[in-house]
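# Report on the structure
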Amino acid sequence: MVELRRTYLLGVLLIILGIVIAASGYLGLQSQDDFRVINIVKGDDAIRMTKSIHLGNFSIANAAILDLEGKGQIRVWVAWTGSKEEARNLTEKMAEKVHLYFSEPEIVKIGDLKAYRTYKGGETHYFFSYRDMVIWIQFENPDQNYHMQVIESLILKNGLERYLN
């Protein structure tokens, strides 16, 4: 009888645990590190795509475009410039002209990272230089706290490398 009671109690606890785990995923309480890769474009194709959406001529050494699913769609554009200084210069040039196509950019601090945030078409966009890269991240999810968590995870904790290698 005692053994039957223990088995019953263990079964009830496992059911409750399953419900809690399922509910936390359903409510969007997954870790900000949980991304499903939808598509990755690298190399020459990514360089062409990156240059096709910009005016003027500029040089980049390599590029990648990642489409991720987290709490909504996330697109990450990465362009390697060859130097930190060049990445900073290209980012500042973008900050001067982005208002022609998006909202006026605002400066956002994410740890030690200086990023620009802008809006268009119901999406929130961030761009910044990091090491020798210019990075642009667009979110369909409007939650700015989530944006900060994702950028911290992908950039400041080097999570992006997991998807690019």
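What counts, and where the lines are drawn
Residues numbered from 1 in each chain as written. Predicted model: local features only at pLDDT ≥ 70, side-chain atom pairs only at ≥ 80, totals over all residues. Heavy atoms only, no water. Helix = DSSP H or I, 4+ residues; strand = E, 2+ residues; numbered from the N terminus. Areas by Shrake-Rupley, 256 points an atom, 1.4 Å probe, with all protein chains shown as cover. Phe/Tyr/Trp six-rings, centres within 6.5 Å; stacked < 30°, edge-to-face > 60°. Buried < 20%, exposed > 50% of the residue type's maximum accessible area, 1.4 Å probe, protein only. Lys NZ or Arg CZ within 6 Å of the ring centre and 35° of its normal. Salt bridge = Lys/Arg side-chain N within 4 Å of Asp/Glu carboxyl O. Contact = heavy atoms within 4.5 Å. Polar contact = N/O pair within 3.5 Å; in protein donor to acceptor, adjacent residues only side chain to side chain. Core = buried A, V, L, I, M, F, W, Y, C linked by side-chain atoms within 4.5 Å. pLDDT = per-residue confidence, 0-100. Pairing = 2+ DSSP bridges. Axes fitted to C-alpha atoms, helices over the stretch in contact; angles between N-to-C directions.

Turning our attention to the overall build of the protein chain. Check the secondary structure of the protein chain and you find 5 helices and 7 strands. Its helices and strands taken in sequence order, the protein chain reads α-β-α-β-β-α-β-β-β-β-α-α from the N to the C terminus. In the form shown here, the protein chain has an accessible surface area of approximately 10100 Å², with 56% of it arising from carbon and sulfur atoms.

The full count for this structure, using the stated rule, is 6 aromatic pairs. Taken together, a centroid distance of 5.0 Å and an interplanar angle of 10 degrees make the contact between Phe127 and Trp136 stacked. On the accessibility criterion, Phe127 (0% relative accessible area) is buried. Judged by relative accessible area, which is 11%, Trp136 ranks as buried. Directly above the aromatic system of Phe102 lies the positively charged group of Lys120, at a separation of 5.2 Å from the ring centroid.

The residue Arg131 is not glycine, and still its phi comes out positive at about 55 degrees. Examined against the element boundaries, Arg131 turns out to sit in the loop between β6 (123-130) and β7 (133-139). According to the relative accessible area criterion, Arg131 is partly exposed, its value standing at 37%. A positive phi angle, close to 60 degrees, is found at Asn158, a residue other than glycine. Summarising the element assignment, Asn158 is placed in the loop between α4 (144-156) and α5 (160-164). According to the relative accessible area criterion, Asn158 is partly exposed, its value standing at 31%.

Attention now moves to the pattern of salt bridges. Taken as a whole, this structure holds 6 salt bridges when the rule is applied. Between Lys114 and Glu92 there is a salt bridge; the shortest N-O distance is 3.5 Å. With a gap of 22 residues between them, Lys114 in strand β5 (residues 113-120) and Glu92 in helix α3 (residues 84-97) connect regions that are remote in the sequence. Owing to a relative accessible area of 31%, Glu92 belongs among the partly exposed residues under this scheme. For Glu152, the salt bridge goes to Lys157, with nearest N and O atoms at 3.5 Å.

As for its placement among the helices and strands, His125 is situated in strand β6. Sequence separation between His125 and Phe102 is 23 residues, and the spatial gap between their C-alpha atoms is 9.0 Å. Apart from the residues lying within four places of it in its own chain, the contact partners of His125 are Phe102, Tyr116, Arg117, Thr118, Tyr119, Lys120, Trp136, Ile137 and Gln138. Only 3.1 Å separates the side chain of His125 from the side chain of Trp136, close enough to count as a polar contact.

Generally speaking, a soluble globular protein has its nonpolar side chains buried in company with each other. The biggest cluster of nonpolar side chains holds 27 residues, and the ones touching the most others in it are Ile74, Val76, Phe128, Ile135, Ile137, Ile151 and Ile155. When residues of this core are traced back to their parent elements, those giving at least two are β2 (62-70), β3 (72-80), β4 (106-110), β5, β6, β7, α4 and α5. Apart from residues no more than four positions distant in its own chain, Val76 is found in contact with Ala64, Ile65, Leu66, Leu68, Ile135, Trp136, Ile137, Leu154 and Leu160. In this structure, Ala79, Val98, Phe127 and Trp136 belong to the second largest nonpolar core, which totals 18 residues.

Right, let's get into the confidence of the model for the protein chain. Residue-level pLDDT values for the protein chain average 84, and 79% of them are 70 or greater. Low pLDDT, under 50, characterises residues 22-32; the stretch is placed with 9 contacts to residues that sit more than four places away or in other chains.

Here the focus is the sheet that holds β4. The 7 strands lie next to each other as β1-β2-β3-β7-β6-β5-β4, forming an open sheet whose pairing is antiparallel. Here the strands that pair on one side only, and so sit at the sheet edges, are β1 (36-42) and β4. Looking at each pair of strands side by side, their axes are set apart by 20 degrees on average, direction ignored. Its contacts with the sheet put α3 on β5, β6 and β7, and the angle it makes with β6 is roughly 150 degrees.

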